[in-house]
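# Reading the structure
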Amino acid sequence: MRLIKIFFTTILLFICLTAGAAPKVSEIVKKMDYLYEQIGDISVRVSIVQNKARQGVKNFGFLYFRRDKTDEFLIVAFAPDTEKGNGYLRVGENFWMYRQNTRTFQHISRDESILGTNAKGGDFEKRKLSDLYKPFTDSGGSEIIAEEMLGKREVYKFTLIAKVNDVTYPKQVYWVQKENYLTLKMQSYSLSDTLMQTAYFPKWTQIEGKYIWIQAIFIDEFEKGNKSIVDLSGISTKQLDPKIFTKAYLENLSK
Amino acid sequence: MRLILALSLRNLLRQKRRNLFLGIAICFGMMILVLAISFSQGLTDTLLNRVVVYIAGHMSIVTMEESNKDRRIIRDKEKFINIVKSNIKDIKKVWESIGVFARVIGNSRADNAIIVGRVADKDFLEYLGQNLVEGNLGDFTSGAVENPVILYSNKAKTLGVKYRDTINARFATITKQQQSVRLNVAAVLRSSNLFEEMAMFVNLKDLKSLVGLKPHETGALYISFKRINNPDHAIREAIKLHKLLKPDVAVIYGEAVNKNRSSNATALGYAGDKESLSIMNKHVSLLSGAMPAEKSENEALVSKNLAADFKLRSGDRITYRYKNKYENLTTENRYRVAGIFNSAGISDRNIILLNERSFYKTYLQNLPADARKYKQAYVPLRRSALYPVFEPEWKLLPRTSTFEAMQLKMRDMTKTKWKGPWLDVRTMYESADFILKLEYALKLVAFTAVLILFFIILIGVLNTLRMTVRERTREIGTMRAIGMQRTDVKYLFIAETVLLTAIACVAGIILSFIVMWVLGLFTINTDSVLSILLVNRRLHFLPTAASIAGNYILIILMAAATAYFPARRASNLSAVTALGHFE
């Protein structure tokens, strides 16, 4: 009887102690991957307002279609006028850029800029955060996580470092809302550990149980005064026609 | 002959005014010709030996990984430098070309720049010394200053920086990760043309480390020749080098380790294309397990012998380690045994077969020591049936001769998505095609203008001679009457023209040198694209003895040919007809 009492007391004590403790970073990352992962098809209208110091404001807009099952995506620009009709098509390992004025497709690499913005082809690929980054640990090998307030919201703050060498930023610091694991703020660091970019994700939406941010603000910390605001609208997860992910469709859409 | 020359000279002096004007016209023509040719040669020299050589080298070796034209990495630079130095003729220099596009921020504003890695060798230091505006070159070479940078005065002005100021730079590493660095201004240089102003120099060693290259790796190898006067030289040597760079099978020799036991083993990569897989199916039989998937990583096929040695079964794990060629390091990888294979001829060896992805991931990042030095290593022979299946050290791109052909070649390469290194041997005729086209166009314009000018002058010479013959018809009659032969009359008129042309051309050459000297005194401050044609902001003339002598002889021959017909007409006159001639 005494042993049973000790056993239950220990269990109760363990529950009480761990109830308020922060989860492990790797668990949060897995959770984030699960919550943000879109399975199936998605189409979205993307608007980017890019403000560059001494260069003024530029508006970019494109339609983005993605099919995860076959690892395909298509981007077609509608703004600015100089980019209108230009597009990008990714089917498996092949990635083409389409130029409307010459009506030609050109093979490009995932490192190339999309429509002259800071976004790269690789940014539109479906890659899990946990495949790219791992938690930053202290000298004892323990994951470092902190609980703090970001404005009025309770967040977990943790650092991730790159597992692979083909990510743009080798180190990222996340502020993730405790309540629902949504990223509210992210800071990206260069190889020499200099803060290069701060991103805010103030608006999210939930579609079929999965979360998608609908507004993001990217602040260039290296070149002060540069800022980009990305807005997503018209998000649809309806099944897309397979013919969308073809060169012919992109050509027709660009006419 | 001496008499004819004496008579010719006397006749020239007799009609001083007319010959003076004609001589001035020829002198002017020769001056323009020498100027145009010297400018054209100066232009070629500037573009080929000062511009093209920095953009693309006269010849270059480029390797691109993952079928990405921008992912330029030569993993074993020494190997290629040795091949070039021991086989290519007339080399002035072989150097590592590493340059990154960067966003740089100074005190006043941000700008784009190309950060170029340079070794502080004698040539470079001499160049820096000649163009130094402010700073201390010792800061660049001593190692006492962290990330010293040398930039041109216009860029320094744009960024608002001076000696000892700092510049923040952002650029991408070879794997496209963001890198940022603080550069310390060690010196500011005077630029000689617009092309140079984009460049900022940092120590090659520092830049390699910043972009993620190891000491034995580099971006591309550029080769310059001792003055490119014959354009065919670079092409000829490139064809020769291309033939020498035929790749062999890429082999890793190391040891397989399992449960505290180790055994020598060779690791090879196999190609995943349909043709290679069909050869594999024909010559390799799987005793258990399955072929690793195309996109899988760290899965291996193990030979029957190695599997028996370690009592391995499909699904087991095996460690494979090998010595790296450089830095005295050992690489250790762990693979899952996807299958055990048997193949006639190689199954009695300890062999590990890796797919393209897994093989090049380790082979390129941790270059193995030369397996051919080890007797126990399995190096496939060219006659072996499986030879085409094994992954090569690199794939050689075909030689191309124009920029357009090179673009098509790059497009085809990108389509392949092959993970290994593609090697390309280029000359300036592909890499810096636009510069050479500019040079050709400018030369053509100059040549056409000079040709038109000379045509006009020669018409003048022809007309003057016809007038002379007409005026001197009675004189011809007198000379013929006192016994001068027809041929002598002909030679007399030709000699007069040749003498006049020879003297006028010498004057023209002297005058052209004076004009070149005077034009060279003026500084041209232009930021237009044409400033790349200037040297130290001055027009660059390069007169050569051979070209001047060649043109001198050509003009004299042309003058003689022009004089021939009026002279023949004069010589054909009979003494009686000539003496009876009245105006």
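Please read all numbers here as calculations on a predicted model, not as lab measurements.

In terms of regular secondary structure, chain B is built from 19 helices and 19 strands. With the C-alpha coordinates of chain B rotated into their principal frame, the extents come out at 120 × 60 × 35 Å. Counting all 583 residues of chain B, 52% fall into the buried class. Across chain B, the fraction of contacts at a sequence separation of at least 24, relative to all contacts at a separation of at least 6, is 79%.

Our focus in this paragraph is the sheet that holds strand E2 (residues 91-97) of chain B. Residue and element names in this part refer to chain B. Strand order across the open sheet formed by five strands is E2-E10-E1-E19-E18, with mixed pairing between neighbours. With partners counted over all chains shown, the strands left at the sheet margins are E2 and strand E18 (395-396), one partner each. Two elements, strand E1 (residues 59-65) and strand E19 (residues 421-427), share seven bridges in a ladder whose sense is antiparallel. By the bridge assignment, Val 62 is partnered in E19 with Asp 424. Together, E1, strand E10 (220-225), E18 and E19 form the strand contacts of helix H9 (residues 232-244), whose direction differs from that of E19 by roughly 155°. Seen against the sheet, helix H13 (residues 403-416) touches E1 and E19 and runs at an angle of roughly 175° to E19.

Here the focus is the interface of chain B and chain A. Where interface size is quoted, it is often the accessible area lost as the parts come together. Facing 25 residues of chain B, the contacting portion of chain A comprises 27 residues. Summed over both sides, the interface between chain B and chain A buries roughly 2200 Å², with carbon and sulfur atoms accounting for 48% of that surface. Where chain B packs against chain A, one counts two salt bridges. In this structure, Arg103(B) and Glu223(A) form a salt bridge, with 2.7 Å as the shortest nitrogen-oxygen distance. Remark: the boundary between chain B and chain A carries 10 residue pairs in polar contact (both at pLDDT 80 or more). Of all elements in the fold, only strand E3 (99-105), strand E7 (166-172), strand E8 (178-189), helix H12 (356-365) and H13 of chain B reach the threshold of two or more residues within the side of chain B that touches chain A. A breakdown of the residues in the side of chain B that touches chain A according to their chemical character gives three nonpolar, 11 polar and 11 charged.

Definitions and limits used
Residues numbered from 1 in each chain as written. Chains lettered and ligands numbered in written order. Predicted model: local features only at pLDDT ≥ 70, side-chain atom pairs only at ≥ 80, totals over all residues. Heavy atoms only, no water. Helix = DSSP H or I, 4+ residues; strand = E, 2+ residues; numbered from the N terminus. Buried < 20%, exposed > 50% of the residue type's maximum accessible area, 1.4 Å probe, protein only. Contact = heavy atoms within 4.5 Å. Pairing = 2+ DSSP bridges. Axes fitted to C-alpha atoms, helices over the stretch in contact; angles between N-to-C directions. Buried area = accessible area lost by both parts, 1.4 Å probe. Salt bridge = Lys/Arg side-chain N within 4 Å of Asp/Glu carboxyl O. Polar contact = N/O pair within 3.5 Å; in protein donor to acceptor, adjacent residues only side chain to side chain. Nonpolar A, V, L, I, M, F, W, Y, C, P; charged D, E, K, R; others polar.

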